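Here's the letter readout for the chains.
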Amino acid sequence: MPPPESTSVPRVDSAHIVELEGALARVAYLLTRVRRHDRAMIKCGVSMDRASVPLLRVLCDDGEPMRLGELAVRLDVEAPHVSRQIQRLEKAGYIERVADPVDGRAQLVRPTATGRQAVDVIREVQRDWMQEALADWSTEDLKALAVLNHRMVDDFLDHAETIGDFGAAARERRLVRADDASAPGA
């Protein structure tokens, strides 16, 4: 059964959407493969499973200790998934638990210095890989790709908000990205 047509949303050329969806699926596949992750971890000298990397990146990017529920919302995953990853990261020395200053019964998590160093090294390896893969691209093409990708993500987040997904976390991520874009050299 086809999805219902909406009269309030302008339709875009479906052939372009099909091409875009296919390209995004290919990118997601290439970036999330176990073998690529394993090679990156070897190159980094870091031992971390694939699911833990985005979680640790969010903690490092935010800069403030966070509740597990907030992490789950930001990553759009279930809380038990975050709990398992937090346990692994804590055991490996990448994160630590701290008391919530607002609610003494609750705990927050934050990256350790080792965790921040691990994220920095992982990012460096991933950026080197991208640099090599896109070496023949012009500066203008790379800039256009970055701008269009940010625009697409922002529109995805806006749409997710209209259907109730992500909520405040989506708005916050968009604001953080906007702040990064206005920084010198961005």
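What comes next concerns the included structure. Being a predicted model, the structure only gives us computed values, none of them experimental.

### Some thoughts on the packing of aromatic side chains
Scanning the entire structure with this criterion turns up zero aromatic pairs. Here Arg36 stacks its cationic end above the ring of Trp129, 3.8 Å away from the centre of that ring.

### Concerning the pattern of salt bridges
Within the structure shown, the criterion is met by eight salt bridges. The partner of Arg105 in a salt bridge is Asp103, with the nearest N and O atoms 3.0 Å apart. Here Arg105 falls in the exposed class, since its relative accessible area comes to 78%. By relative accessible area, which is 18% here, Asp103 ends up buried. When salt bridges with common partners are traced through the structure, they connect Arg67, Asp100, Asp103 and Arg105 into a single cluster.

### Considering unusual backbone geometry
For Asp76, which is not glycine, the phi dihedral falls at a positive 60 degrees. Within the fold, Asp76 resides in the loop between helix H4 (68–75) and helix H5 (79–91). When its relative accessible area of 52% is taken as the criterion, Asp76 is described as exposed.

### Some points on the packing of H4 against H5
Contact geometry of H4 with H5 gives a least axis separation of 9 Å together with a crossing angle of 115 degrees. One element, H4, and the other, H5, form an angle in the roughly perpendicular class. Crossing hand, H4 versus H5: right-handed. Residues Leu68, Leu71 and Ala72 of H4 touch H5, and the partners they reach there are Ala79, Val82, Ser83 and Ile86.

The rules we used
Note on numbering: residues in each chain are counted from 1, in written sequence order. It should be noted that, the model being predicted, local features are given only for residues of pLDDT at least 70 and side-chain atom pairs only at 80 or more, the latter also being counted only at that level, while totals for whole chains, interfaces and linings use all residues. To obtain the side-chain values, all non-hydrogen atoms of the structure were used and water was disregarded. Any two of the Phe, Tyr and Trp rings considered here, Trp counted by its six-membered ring, make a pair once their centres fall within 6.5 Å; the pair's planes then place it as stacked at under 30 degrees, edge-to-face at over 60, or tilted in between. In this scheme, Lys NZ or Arg CZ marks a charge over a ring once it lies within 6 Å of the ring centre and within 35 degrees of the ring normal. Here a salt bridge means any side-chain nitrogen of Lys or Arg lying within 4 Å of a carboxyl oxygen belonging to Asp or Glu. Think of it in three bands: residues with accessible area under 20% of the maximum for their type are buried, residues over 50% are exposed, and the middle band is partly exposed, with areas taken using a 1.4 Å probe on protein chains only. A run of H or I in DSSP counts as a helix once it spans at least four residues, and a run of E counts as a strand once it spans at least two, with each numbered from the N terminus. Only the stretch in contact is used when fitting a helix axis, every axis being a line fitted to C-alpha atoms; angles between N-to-C directions are given from 0 to 180 degrees. Small angles under 35 degrees read as roughly parallel and large ones over 145 as roughly antiparallel, with 65 to 115 read as roughly perpendicular and the rest as oblique. Crossing handedness: left-handed means the near helix sits turned counterclockwise from the far one by under a right angle, and right-handed means the same turn made clockwise. Any two residues whose heavy atoms approach within 4.5 Å are treated as being in contact.

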